[in-house]
Amino acid sequence: MNLVFDFGAVLVEWQPAQLLAEHFPDLTGTPQAARHLASSLFGHADWHAFDRGQITLEVVVRRTAQRLALPQAQLRSLVAGIGERLRPLQESVAVLAELAGRRRLRGDVRLYF
């Protein structure tokens, strides 16, 4: 059996609107504004290309800052620090541990992310 896990909101905590509200409080005065900015940033093709490793941090920062009129230094700080903010979801960690144990014992589970 093959099991594929996504990272954001499956293996790690992912709250993009909250993240943007912390980095750009002047642009995210309401939850709706924060969600809109999150969608505009993280839902764009440039972010997806960055997420897949097809463009660099500098390229995604430059393009996104220009497209959304965001301060480049603030955006670079946000993007560069995202990895440090991703905390494992304990429920998922427990499931992965159980599946890894099954894999070691029976060899019938392959885990991918």
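Small disclaimer: the values here were computed from a predicted structure and weren't measured.

Engineer: What exactly am I supposed to notice about the layout of surface pockets here?
Structural biologist: Empty space among the atoms can be located by rolling a probe the size of a water molecule over them. Volume-wise, the largest pocket comes out at about 390 Å³. Along its surface, the largest pocket is lined by 14 residues, and F7, G8, W14, W47 and D51 are the ones closest to its centre. Tallying contributions element by element places helix α3 (residues 45–51) first for the lining of the largest pocket, with four residues. Residue composition of the lining of the largest pocket, by class: 10 nonpolar, two polar and two charged.

Engineer: Got a minute to help me understand the packing of aromatic side chains in this structure?
Structural biologist: Evaluated as defined, the whole model comprises three aromatic pairs. Relative to W47, the ring of F42 has its centre 4.8 Å away and its plane inclined at 85°; by these criteria the two rings are edge-to-face. This pair shows no difference in class: F42 is buried, exactly as W47 is. Measuring from centroid to centroid gives 5.1 Å for W47 and F50, while their planes differ by 55°, and the two rings are tilted.

Engineer: Explanation requested: unusual backbone geometry in the structure shown.
Structural biologist: Both trends apply: most residues other than glycine have a negative phi, and most peptide bonds are in trans. In this structure, A69 takes a positive phi of about 55° despite not being glycine. You can see A69 is positioned in the loop between α4 (57–68) and α5 (72–85).

Engineer: It is not clear to me how the pattern of salt bridges should be interpreted in this structure. Could you clarify?
Structural biologist: Opposite charge on two side chains lets them pair, provided their charged atoms get close. For the structure shown, the criterion picks out five salt bridges. In this structure, R63 engages D46 in a salt bridge whose closest nitrogen and oxygen atoms are separated by 3.1 Å. On the criterion of sequence distance, the pair formed by R63 in helix α4 and D46 in helix α3 is long-range, its members being 17 residues apart. Its salt-bridge partner being D108, residue R102 comes within 2.9 Å of it at the nearest N-O pair.

Engineer: How do you make sense of the environment of G107 when you look at a structure like this?
Structural biologist: Summarising the element assignment, G107 is placed in the loop between α6 (90–106) and β2 (110–112). Using a relative accessible area of 54% as the deciding quantity, one classes G107 as exposed.

Engineer: Looking at this structure, how should I read the nonpolar core?
Structural biologist: If you look at soluble globular proteins, the nonpolar side chains tend to sit buried side by side. In terms of nonpolar packing, the biggest core is built from 19 residues, with L20, L41, F42, W47, L75, L78 and V79 touching the most fellow members. Elements with a minimum of two residues in this core: α1 (16–23), α2 (31–42), α3, α4 and α5. Beyond its immediate sequence surroundings of up to four residues, L78 is in contact with L19, L20, H23 and F42.

Engineer: What is the right way to look at the side chain of D46 in this model?
Structural biologist: With a relative accessible area of 12%, D46 lands in the buried category. Among residues more than four places away in sequence, those in contact with D46 are I55, V60, R63 and R67.

Engineer: Hey, could you run me through the confidence of the model for the protein chain in this one?
Structural biologist: Parts of the prediction with low pLDDT should not have their coordinates interpreted in detail. Averaged over every residue, the pLDDT of the protein chain is 91; the share at 70 or more is 100%. The least confident element of the protein chain, judged by mean pLDDT, is β2 at 81; the most confident is α4 at 98.

Engineer: Explain the packing of α2 against α4 to me, please; I cannot follow it from the model alone.
Structural biologist: Packed helices, taken two at a time, are described by their axes: the angle between them and the distance between them. Closest axis-to-axis distance for the α2/α4 pair is 10 Å, and the angle between their directions is 135°. When the axis of α2 is compared with that of α4, the two are oblique. As for how α2 packs across α4, the hand of that crossing is right-handed. Residues L37, S40 and L41 of α2 touch α4, and the partners they reach there are T64, R67 and L68. A breakdown of the residues in the contact of α2 with α4 according to their chemical character gives three nonpolar, two polar and one charged.

Calculation notes
Residues numbered from 1 in each chain as written. Predicted model: local features only at pLDDT ≥ 70, side-chain atom pairs only at ≥ 80, totals over all residues. Heavy atoms only, no water. 1 Å grid on protein atoms, 1.4 Å probe; cavity = no way out; pocket = protein on both sides within 12 Å on 5 of 7 lines; lining within 4 Å. Points joined across faces, edges and corners; volume = space filled by probe spheres on them. Helix = DSSP H or I, 4+ residues; strand = E, 2+ residues; numbered from the N terminus. Nonpolar A, V, L, I, M, F, W, Y, C, P; charged D, E, K, R; others polar. Phe/Tyr/Trp six-rings, centres within 6.5 Å; stacked < 30°, edge-to-face > 60°. Buried < 20%, exposed > 50% of the residue type's maximum accessible area, 1.4 Å probe, protein only. Salt bridge = Lys/Arg side-chain N within 4 Å of Asp/Glu carboxyl O. Core = buried A, V, L, I, M, F, W, Y, C linked by side-chain atoms within 4.5 Å. Contact = heavy atoms within 4.5 Å. pLDDT = per-residue confidence, 0-100. Axes fitted to C-alpha atoms, helices over the stretch in contact; angles between N-to-C directions. Parallel < 35°, antiparallel > 145°, perpendicular 65-115°, else oblique. Left-handed = near helix turned anticlockwise from the far one by under 90°.

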